Amino acid sequence: MSRVAPETWYAVGFFFLLILGPFTIGWGVMKAYRHYFPKTPPTEGESSVSVVSQLSAQRDGFFKLYLLGLVICSPGFYYIYTEYLAHI
């Protein structure tokens, strides 16, 4: 562990941040959005709705949350990369 350069640990942390950061931020943004704009229930014309389709219609998938967070975080990631990790 003592032979590893500090820049290597910065890069490892940055790569973990690339996955966990956007997902967490996207999840928070969607939670706030769903608080103010909830999804509408099924219309009255539908006589029966399966439980599986109802549950899948109410959830936001991992990639939707990840891509939303990535769009929000990408300027910050670009800045961190150019300032601190470009020389690695």
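Residues numbered from 1 in each chain as written. Predicted model: local features only at pLDDT ≥ 70, side-chain atom pairs only at ≥ 80, totals over all residues. Heavy atoms only, no water.

Q: I'd like to hear about the UniProt feature "transmembrane region" (unreviewed entry) in the protein, residue by residue, with values.
A: UniProt's feature table lists "transmembrane region" (unreviewed entry) at residues 12-30 and 63-81, given in the numbering used throughout. Annotated as 100% helix and 0% strand, the span residues 12-30 places its first and last C-alpha atoms 28 Å apart. With 100% helix and 0% strand, residues 63-81 has end C-alpha atoms that lie 23 Å from one another. (UniProt positions renumbered as here; feature names shortened; annotations may be inferred. Helix = DSSP H or I, 4+ residues; strand = E, 2+ residues; numbered from the N terminus.)

Q: Got a sec to walk through the packing of aromatic side chains? Specific residues and values, please.
A: Enumeration over the complete set of coordinates arrives at six aromatic pairs. Ring geometry for Phe14 and Phe15: centres 6.1 Å apart, planes at 55°, overall tilted. On the accessibility criterion, Phe14 (8% relative accessible area) is buried. With a centroid separation of 5.3 Å and 40° between ring planes, the pair formed by Tyr33 and Phe37 is classed as tilted. These aromatic residues form a ring-pair network of at least three members: Phe23, Phe62, Phe63 and Tyr66. (Phe/Tyr/Trp six-rings, centres within 6.5 Å; stacked < 30°, edge-to-face > 60°. Buried < 20%, exposed > 50% of the residue type's maximum accessible area, 1.4 Å probe, protein only.)

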